Amino acid sequence: MTTTDETTVLTPGPAGPPRTLVSSTPHLMKRLAMLQKDRAMSAFEESGLTPYHYAVLTLLEEEPPETQAMIADALGYDRSHLVGLLDELEERGLIERKRDPGDRRRHLVTLTPDGKRAATKLRSIVRKLEGEFLTPLDDDERQTLHRLLLRLARYHDPRYEAACQRDA
């Protein structure tokens, strides 16, 4: 703390992270992901759902019907955690689970019409969050960032490679 005279005390601004962390790309990615996750959880709060629920709903929109195991594997969720998410979605009438006629040990999960409406509503929240988060970047920078992150995801997680091949 520095004083200019006996009555004035200057307080330093907020402390920043050390240069070593600022120069670390993985640290920045982790920090930004944590900030965005906190924002998403707050934005979703009014809906009573979470980004985890949203991921399940959007998967079912694109790939219906799915088994519980396929959903967990596609999203990288722990299977026991997924069961709780599916219970919550089913209680709200957003999904249905039925025995797989081809294998009675499995359940097929499908989206209900209310689930489709919820996914649409949540998608608008996600788009707003993404727009706010990426505000400092112009359209070209956003596309470049996305392309680079997708390249990293494809390298480190084979599920992203498979998804990209499906879309090609």
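Residues numbered from 1 in each chain as written. Predicted model: local features only at pLDDT ≥ 70, side-chain atom pairs only at ≥ 80, totals over all residues. Heavy atoms only, no water.

With that out of the way, let us pick up the confidence of the model for the chain. In this model, the chain carries a mean pLDDT of 90, and residues with pLDDT of at least 70 account for 93%. Averaged over each element, pLDDT in the chain is lowest for strand β1 (residues 2-3) (52) and highest for helix α6 (residues 113-133) (96). (pLDDT = per-residue confidence, 0-100. Helix = DSSP H or I, 4+ residues; strand = E, 2+ residues; numbered from the N terminus.)

What follows covers the sheet that holds strand β3 (residues 66-67). Hydrogen bonding along the main chain pairs the strands of a sheet, whether they run parallel or antiparallel. Read from one edge to the other, the open sheet built from three strands follows the order β3-β5-β4, with strand pairing classed as antiparallel. Of all strands in the sheet, those bounded by a partner on one side alone are β3 and β4 (95-100). (Pairing = 2+ DSSP bridges.)

So, on to the packing of aromatic side chains. Aromatic ring pairs: the centre-centre distance and the angle between the two ring planes describe each pair. The tally for this structure, following the rule as stated, stands at two aromatic pairs. Residues Phe44 and Tyr54 carry aromatic rings whose centres are separated by 6.1 Å and whose planes lie at 70° to one another, so their mutual orientation is edge-to-face. In this pair, Phe44 sits in helix α2 (residues 25-44) while Tyr54 sits in helix α3 (residues 51-62), placing the two residues ten residues apart along the sequence. Taken individually, Phe44 and Tyr54 each receive the classification buried, so the pair is uniform in this respect. (Phe/Tyr/Trp six-rings, centres within 6.5 Å; stacked < 30°, edge-to-face > 60°. Buried < 20%, exposed > 50% of the residue type's maximum accessible area, 1.4 Å probe, protein only.)

The relative placement of two packed helices is expressed as an angle between their axes plus a distance between the axes. Axis separation between helix α4 (residues 68-75) and helix α5 (residues 79-91) bottoms out at 9 Å; the angle between their running directions is 115°. Comparing the axis directions of α4 and α5 gives the class roughly perpendicular. In this structure, α4 crosses over α5, and the sense of that crossing is right-handed. Counted together, Gln68, Ala69, Ile71, Ala72 and Asp73 of α4 and Arg79, Leu82, Val83 and Leu86 of α5 form the full contact between these two elements. Its residues assigned to classes, the contact of α4 with α5 shows six nonpolar, one polar and two charged. (Axes fitted to C-alpha atoms, helices over the stretch in contact; angles between N-to-C directions. Parallel < 35°, antiparallel > 145°, perpendicular 65-115°, else oblique. Left-handed = near helix turned anticlockwise from the far one by under 90°. Contact = heavy atoms within 4.5 Å. Nonpolar A, V, L, I, M, F, W, Y, C, P; charged D, E, K, R; others polar.)

Here the focus is α3. Over its twelve residues, α3 extends 17 Å from the first C-alpha to the last, a length consistent with the 16 Å expected when each residue adds 1.5 Å. The set of residues buried in α3 consists of His53, Tyr54, Ala55, Val56, Leu57, Thr58, Leu59 and Leu60. (Expected span 1.5 Å × (residues − 1).)

What follows deals with the environment of Leu89. Its location among the elements puts Leu89 in helix α5. For Leu89, a relative accessible area of 0% gives the class buried. Expressed as a C-alpha distance, the spacing of Leu89 and His53, which sit 36 residues apart in the sequence, is 7.3 Å.

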